[in-house]
Amino acid sequence: MIRRLIFVTGVALTAAVAVSQPVPAPPPAAASLDDAGGAVKPRRGQSAQATREFLGLGVAPDAAAAKRGAPVYAANCAGCHGAEARGGIGPSLIYSNQVLDDDHGEKLVGFLKVGRPEKGMPSFAESTPQELTDIAEFLHLQVEAYANRGTYENKNNILTGDVRRGAAYFAAKCSACHSASGDLKGIGARLRPLDLQRTLIVPTREDHPKRAVTATVTSAGTTVTGRVVRIDDFEVVIADAAGATHTIERGPGVAVALTDPLAWHKAFATRVKDREMTDLTTYLASFK
């Protein structure tokens, strides 16, 4: 029941859902692209799992079983419920309580064996338990494909820019912090083009202490500088280089100056032109 309620409300929100953004942590360094100096995480898989958890979609479907169930579903169910279970002369199964309350067929198999003859749905008593379980997994995969935007993938070719123009843009705007032979070495092999663009605009702070927002707080002649732990209208909490935490109440005579190492990237999103982004992405994708 809980999953069903979360799903129904969550699907409407999922367009705005991606993955929760990492909380500023002690980040390091100089550059600001995600791949800087490290292994790239499986973003798409993480995104899919995070969205699944947010929507309460439960366990991930068994892809192999769903593949086996596809022709069985097509032969027996698609005529009424549609090829992707989104409805036809019969109802959509994407929002079906019978489907959403099931994980791996433990409830659906029994339901399918009996059917609902009084409402026109035949019994599938002659099907084997394995066939019915495979149908259940096929249905769960359709729910996943419909609801989980974390599994979506832009398959359009976005590497249509001009490498030379991209190189010129990089030299003029990016080379002060990044280099093809340094922090961005191999970035074109580690990130998909779409993830590359996302990273340009929203670099993660996770595992990058030097990307943390810092604050310099001056109060009563004393100045303290450190990583921002929390800040609101009433107080600012910072952690200094030694790890000590300082809580300063905000008010008259208290000056707070914030420094965000990723400020350039935030502004970049508003000033970059489409052609520049395409050229730059195409150029960065050539860093193999």
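Higher on the page you've got the structure.
How each quantity is defined
Residues numbered from 1 in each chain as written. Predicted model: local features only at pLDDT ≥ 70, side-chain atom pairs only at ≥ 80, totals over all residues. Heavy atoms only, no water. Helix = DSSP H or I, 4+ residues; strand = E, 2+ residues; numbered from the N terminus. Buried < 20%, exposed > 50% of the residue type's maximum accessible area, 1.4 Å probe, protein only. Areas by Shrake-Rupley, 256 points an atom, 1.4 Å probe, with all protein chains shown as cover. Axes fitted to C-alpha atoms, helices over the stretch in contact; angles between N-to-C directions. Parallel < 35°, antiparallel > 145°, perpendicular 65-115°, else oblique. Contact = heavy atoms within 4.5 Å. Nonpolar A, V, L, I, M, F, W, Y, C, P; charged D, E, K, R; others polar. Polar contact = N/O pair within 3.5 Å; in protein donor to acceptor, adjacent residues only side chain to side chain. Left-handed = near helix turned anticlockwise from the far one by under 90°. 1 Å grid on protein atoms, 1.4 Å probe; cavity = no way out; pocket = protein on both sides within 12 Å on 5 of 7 lines; lining within 4 Å. Points joined across faces, edges and corners; volume = space filled by probe spheres on them. Core = buried A, V, L, I, M, F, W, Y, C linked by side-chain atoms within 4.5 Å.

**Observations concerning the overall build of the protein**
- From N to C terminus, the protein includes twelve helices and five strands.
- Expressed as a percentage of the 288 residues in the protein, the buried residues total 38%.
- Total accessible area computed for the protein in this model is approximately 15800 Å², and 57% of it derives from carbon and sulfur atoms.

**Some details on the packing of helix α10 (residues 193–201) against helix α11 (residues 263–271)**
- Two elements in contact, α10 and α11, have axes separated by 7 Å at closest approach and are oriented at 115 degrees. On the basis of the axis angle, α10 is roughly perpendicular to α11. Taking contact as the criterion, the partners of T199, L200 and I201 in α10 are, on α11, H265, F268 and A269.
- Looking at side-chain class alone, the contact of α10 with α11 contains four nonpolar, two polar and no charged residues.

**As for the environment of H140**
- If you trace the backbone, H140 turns up in helix α7 (residues 129–147).
- Note on H140: relative accessible area 9%, which makes it buried.
- Measuring from C-alpha to C-alpha, the distance between H140 and L100 comes to 7.9 Å, with 40 residues separating the pair along the chain.
- Not counting chain neighbours up to four residues away, the residues in contact with H140 comprise P61, V99, D102, D103, H104 and L108.
- Of the polar contacts made by the side chain of H140, one reaches the side chain of D102; its length is 2.7 Å.

**Considerations on the packing of α10 against helix α12 (residues 274–284)**
- Taken N-terminus to C-terminus, the directions of α10 and α12 make an angle of 115 degrees; their axes are 10 Å apart at the nearest point. Regarding α10 and α12, the two cross each other, and that crossing is right-handed. Facing α10, whose interface residues are P193, L196, Q197, L200 and I201, α12 presents M277, L280, T281 and L284.
- Looking at the contact of α10 with α12 residue by residue, the class counts come to seven nonpolar, two polar and no charged.

**So, unusual backbone geometry**
- A positive phi is found at A85, a non-glycine position, where the angle reads about 65 degrees.
- Phi at A220 takes a positive value of approximately 50 degrees, unusual for a residue other than glycine.
- The topology assignment puts A220 in the loop between β1 (214–219) and β2 (222–231).
- According to the relative accessible area criterion, A220 is exposed, its value standing at 77%.

**Remarks on the environment of C174**
- Relative to the assigned elements, C174 resides in the loop between α8 (163–173) and α9 (187–190).
- Looking at C174, the relative accessible area reads 10%, which means it is buried.

**What about the layout of surface pockets?**
- Considered as a void within the structure, the second largest pocket measures approximately 510 Å³ in volume.
- Along the wall of the second largest pocket there are 23 residues; nearest its centre are H81, P91, L93, F111 and M121.
- At the level of elements, α3 (63–76), α4 (78–81), α5 (97–100), α6 (108–114) and α7 are the ones that each hand at least two residues to the lining of the second largest pocket.
- Top contributing element to the lining of the second largest pocket by residue count: α6, with three residues.
- Its residues placed into classes, the lining of the second largest pocket shows 14 nonpolar, seven polar and two charged.

**A word on the nonpolar core**
- By size, the foremost hydrophobic cluster in this structure holds 24 residues, and its most contacted members are Y73, I135 and L139.
- Listed by contribution, the elements that provide at least two residues to this core are α3, α5, α6 and α7.
- When residues of this core are assigned to their parent elements, the largest contribution, seven residues, is made by α7.
- Look past the residues within four positions of L139 in its chain and what remains in contact with it is Y73, A85, L93, V99 and L108.

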